[in-house]
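Coordinate analysis (summary)
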Amino acid sequence: MKFKKVVLSAMVIAAMLLTVVPANTIYAADAAETQDDITPLTKSAILYEETSDTVIYEKNKDRQSQPASMTKVMTAIIVLEDNPELEGSLTVDPRALKRFYCSWKDQEKHLEPEEEISCYECMKFMLLFSANEATNAFAFSMYDDYSDFVDRMNKKAEELGCKNTHFADTSGLSTLNLTTPEDMVKICKEAMKYEKFREIVKSTEGELPVSNKRTEPTPYETYLRVMTGDERYESPYGQYIVGIKTGWIPASGYCYSCCMEKDGYRFYSVVMGGEETEVDGVWAQGDFLDTINLLKLTDNFQPPASKFPTALLILGVIALLFAALICARIYVRRKKD
């Protein structure tokens, strides 16, 4: 009789544990059914929530293409690894503006050869205004051989688990740079660990300060139009977006890595291979429009079941096994009797 009570108790406990385990909510499933309608203007995309490690949406997330200036996120990581507080200053190496290393720079707003600038202001100019020569200025301030800096970028990508990423330069101008939306999320997550990076990419404007080569400040704005009040990209999500980086070269199309903090969650979206489209008679970038569509999926977001219910499931199975063991012992004893 005693054994029967133990068996019954074990089975009841197991049943209770199994009952409280909720079925996993695959939130991405709803998006997958209509994914062609969500990001029609970009070739690949991903939406990821960090705190729950949830991929909410994906489209060709492993498709390799040129990241263009999103490359600068990895450039920033390498700089911040050695100088997380962006202390001190650097002198712009003349090679940083040579066509071999910098095939394009803004004709009016750019760094000058031998210009002295703080590391912080150089980083801000690089990330907000996407200054190509600024990436080279960092590279030559850290290594005499430019390729040594690029090698570090590739080693870091490998360390982060970016299996489909390769960098050929620091700026993103090269068509040999390749990555994927999935890998880009990993890179953005790493960059956002640095306080100075977060502080900078959340900004919408800055200025190059007076220097030995500059008689008055040079103001500039971010290219993140979803953060600047551009009417073409108005949405309720702009107030929650905390940066990251855009990119464009002819080979890449419009690209945008975005980070948004809302409702206690941190969302990362990446779209690549975007095209332009006409909206109400005005041309608009597909990367921004598709990003806004992705961010709509964050409304009332519910992550899949946590690891805690999974542990309960394991306990339930153990309880059932324990009950089965007791039953076997009862059977053996009765046989002996």
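Residues numbered from 1 in each chain as written. Predicted model: local features only at pLDDT ≥ 70, side-chain atom pairs only at ≥ 80, totals over all residues. Heavy atoms only, no water.

Turning our eyes to something else, we now look at the packing of helix α6 (residues 132–142) against helix α7 (residues 146–159). Helices that pack against each other are described as a pair by the angle of their axes relative to one another and the distance between those axes. Between α6 and α7, the least distance of the axes is 8 Å, while the angle of their chain directions is 105°. Looking at the two axes, α6 sits roughly perpendicular to α7. Residue-level contacts link Asn136, Ala139, Phe140 and Met142 of α6 to Tyr146, Phe149 and Arg152 of α7. Broken down by class, the residue content of the contact of α6 with α7 amounts to 5 nonpolar, 1 polar and 1 charged. (Axes fitted to C-alpha atoms, helices over the stretch in contact; angles between N-to-C directions. Helix = DSSP H or I, 4+ residues; strand = E, 2+ residues; numbered from the N terminus. Parallel < 35°, antiparallel > 145°, perpendicular 65-115°, else oblique. Contact = heavy atoms within 4.5 Å. Nonpolar A, V, L, I, M, F, W, Y, C, P; charged D, E, K, R; others polar.)

So, about the sheet that holds strand β7 (residues 241–249). The sheet built from 5 strands is open, its strands ordered β2-β1-β9-β8-β7 with antiparallel pairing. Of all the strands in the sheet, just β2 (54–59) and β7 have a single pairing partner and so form its edges. Along the sheet, successive strands turn relative to each other by an average axial angle of 5°, direction set aside. Taken together, the 7 bridges between β7 and strand β8 (residues 253–262) define a ladder with antiparallel strand orientation. Within the sheet, the bridge partner assigned to Ile249 lies in β8 and is Gly253. Against the sheet, helix α10 (residues 286–295) touches β1 (44–49), β2, β7, β8 and β9 (265–274), its axis set at about 30° to β8. (Pairing = 2+ DSSP bridges.)

A few words now on unusual backbone geometry. With the exception of glycine, most residues fall at negative phi, and the peptide bonds are largely trans. One non-glycine residue, Asn60, lies in the positive phi region at around 50°. The residue Asn60 is located in the loop between β2 and α4 (71–82) in this model. Located in the positive-phi region is Ala68, a residue other than glycine, with phi close to 55°. In this fold, Ala68 is placed in the loop between β2 and α4. Residue class for Ala68 comes out buried when judged on its relative accessible area of 0%. (Buried < 20%, exposed > 50% of the residue type's maximum accessible area, 1.4 Å probe, protein only.)

Moving on to the pairing of strand β11 (residues 282–285). As paired elements, strand β10 (residues 276–279) and β11 share 4 bridges and run antiparallel to each other. Residue pairing in the sheet places Val279 in a bridge with Val282 of β11. Where β10 hands over to β11, the hairpin turn is made up of 2 residues, of which Asp280 adopts a positive phi near 50°.

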